[in-house]
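Structure assessment
Chain by chain, the residues:
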Amino acid sequence: MEQTKVNAPDAPSAPVSSHTQVAAARAVSKEVAIRSNGTGVFYNTDQQALHDVSLTFHKGEVAALIGPSGCGKSTFLRCLNLMNLEIPHCRIVGSIDYHGVDIVNEKINLFDVRTSIGMVFQQPNPFRKSIYDNVALALTRHGMAANSTNLDDQVEEALRAAVLWDEVKDDLKKSAWALSGGQQQRLCIARTLALHPDVLLMDEPCSALDPIATRAIEDTARRIADTGICVIIVTHNMQQAARVSDTTSFFYLGEMVETGPTERIFTAPEDERLQAYISGQFG
Amino acid sequence: MANTATPQPAPRLIDPDAVVAHVEKARRQSKAATVILTAIAGAICVLLAAILVYIISAGASKAFDPAFLTSPPQQFKEGGGIGPELFNSFYLLVLTLVISIPLSLGAAIFLVEYAPDNWVTRAVKTAIEVLSSLPSIVVGLFGFLLFVLQMSWGFSIISGALALTMFNIPILLRVIQQALEAVPTDQRDAGLALGMTRWETTVHILLPCAMPAIITGVILSAGRVFGEAAALIYTAGQSAPALDFTSFDLTNPACPWNIWRPAETLAVHIWKINSEGVVPDLTAVSDGTAAVLVICILAFNLIARFAGRRLSKKLTAE
Ligand SMILES: Nc1ncnc2c1ncn2[C@@H]1O[C@H](COP(=O)(O)OP(=O)(O)OP(=O)(O)O)[C@@H](O)[C@H]1O
Ligand SMILES: [Mg+2]
């Protein structure tokens, strides 16, 4: 605990930043967005890649998942929106509580779950369509647009939420594949936000991007969380986790080793594996 | 492992002369390869162009003669045309495509997107590969046994179209299957992660991406179907009743749309007059027919390619 004090960025006398105030206000009325209880994953029926992960994620929070390559971060993330079910011979055990429903074991509508738990992938993967259609497709498929003006409005709103509107508003009919990598990634965020999810999963969304585009995505993630969405971001980059997240969970060899407020995780790690990871001994 | 036993002399790390010599050798090889490959490609192009020019120029006098293109063939006199054959070729092609495109599209989507990866699926995929290289005469004789004799439909358009379908489906299926498999997995994941069903993802995301490859496949297979003779000789038959385009009585053999009438196509016509023809202007008719066949295939290749490019531009906004 002493260490915390020494390394804490804010001296006790410094004025409390608005960010900490927001965080403090949130701490009072933390609303759980999604919670995993002893979640594990088997690939090929007998090969266990993830063991017994119990984590709680709150609305309005950015949660970072860190850990060395192959430790099961993506595997865990893909449990939360049940994308693992698309992989043949992949089995999820344990339970995941989402709005009071156990989405792993109860009979649920998979497609509704994925509509309200959005996902952004490591490689930007916009559809091979116009920018407009990228956002509009899922909206029309889910019957969420009353008419074409309403659809236009929703597309604009989503692009604004992903901080992309100003860059593309004149080229909505152009192919999304002609955008830069960072813009493509924000487009992927936009099409997910268009469905008004309350959880947004991001699997290393910046690994294919340069530092400036990375910052843009990070800012976007922060803003999205500030609108009350729960953002869960997997990252290899500890600076990134430190910059954007409120809580951080460390995965190692298929287990969730340690979780806590980001500041505490980076300043006072308890588990020695986490200490070794943070000091750069592996990963 | 002999060379581990005998110690090698320590190599000099960098020998500038050897590096220069190596680079020069690589450049020479590259240049030689370019020359040889260009020569081979050039020779093939010249050969193909020569064949095309020869076929078209040999038949040009007939092929651009409207009377030849519209009048019925003659049995013994000269001056016969290929009107019914021309129509039959297109009619059979359209019927075949109408049956085989939806079937192979559906089967390909099932195999790629839905079928579990088990031995049944693998066996089916292997069977399709085998079928797609089946000699067409085998398909023709099978069609003769099944459709002409067993079903007693006789030599008819329906027998021919079904034989052509059997011949076409494996080829088309494989092309569509490969086109779908070539769509990056992340497109599929993106659709599913947005809460769309597998079907919506396939129809709205994967098919538009795969469309250019599918169209190319359909064109190529259509060319093969259009020029196919062996599969039709014993199914659609070798006689072409004169057609009466004013008749819409589907039981009348002269009605062009009647699928129960025998229908000789251009390719079968070429085969027939060359093997048992007795008309005096046999060579001219045969050359003219060949030219028409080649021109038709060229034409719808170009048209479909153009249409395909327009369509995929529209679907992908590029
Ligand atoms: N589809 C799959 N089939 C079989 N095993 C898999 C599959 N996907 C992942 N695994 C295994 O599960 C383990 C965890 O993989 P996962 O992709 O979750 O790691 P990760 O933490 O996301 O790594 P990275 O940081 O490199 O993305 C690995 O050992 C991997 O080999
Ligand atoms: Mg990963």
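A brief structural summary. Remember, predicted model here, so these are calculated numbers, not experimental data.

We now examine the interface of chain A and chain B. On the side of chain B, 21 residues touch chain A, which itself brings 26 residues to the contact. A combined buried area of about 2,100 Å² lies between chain A and chain B, and 58% of that area is made up of carbon and sulfur atoms. Of all residues in chain A, Phe127(A), Arg128(A) and Arg141(A) bury the most surface against chain B, accounting for 30% of the area lost on that side. Taken together, the links from chain A to chain B amount to two salt bridges. Measuring nitrogen to oxygen at the nearest pair gives 3.1 Å for the salt bridge that ties Glu200(B) to Arg141(A). The interface formed by chain A and chain B includes seven residue pairs in polar contact (both at pLDDT 80 or more). Of the residues in the side of chain A that touches chain B, the class split is 11 nonpolar, seven polar and eight charged.

What follows deals with the site of ligand 1. Residues and elements named next belong to chain A. The environment of ligand 1 is formed by 13 residues, the closest being Ser69, Gly70, Lys73, Ser74 and Thr75. For ligand 1, an oxygen atom lies 2.8 Å from a polar atom in the backbone of Gly70. Protein burial of ligand 1: of its 630 Å² of free accessible surface, 66% is covered by the chains. Here the shell around ligand 1 is composed, by residue class, of four nonpolar, six polar and three charged.

Residues and elements named next belong to chain B. The final tally for this structure, using the stated rule, is three cavities of 30 Å³ or more. There is about 50 Å³ of room inside the largest cavity. Surrounding the largest cavity, Pro73, Gln74, Lys77, Gly80, Gly81, His269, Ile273, Val279, Asp281 and Val285 form its lining.

About the cut-offs
- Residues numbered from 1 in each chain as written.
- Chains lettered and ligands numbered in written order.
- Predicted model: local features only at pLDDT ≥ 70, side-chain atom pairs only at ≥ 80, totals over all residues.
- Heavy atoms only, no water.
- Contact = heavy atoms within 4.5 Å.
- Buried area = accessible area lost by both parts, 1.4 Å probe.
- Salt bridge = Lys/Arg side-chain N within 4 Å of Asp/Glu carboxyl O.
- Polar contact = N/O pair within 3.5 Å; in protein donor to acceptor, adjacent residues only side chain to side chain.
- Nonpolar A, V, L, I, M, F, W, Y, C, P; charged D, E, K, R; others polar.
- Near = heavy atom within 4 Å.
- Areas by Shrake-Rupley, 256 points an atom, 1.4 Å probe, with all protein chains shown as cover.
- 1 Å grid on protein atoms, 1.4 Å probe; cavity = no way out; pocket = protein on both sides within 12 Å on 5 of 7 lines; lining within 4 Å.
- Points joined across faces, edges and corners; volume = space filled by probe spheres on them.

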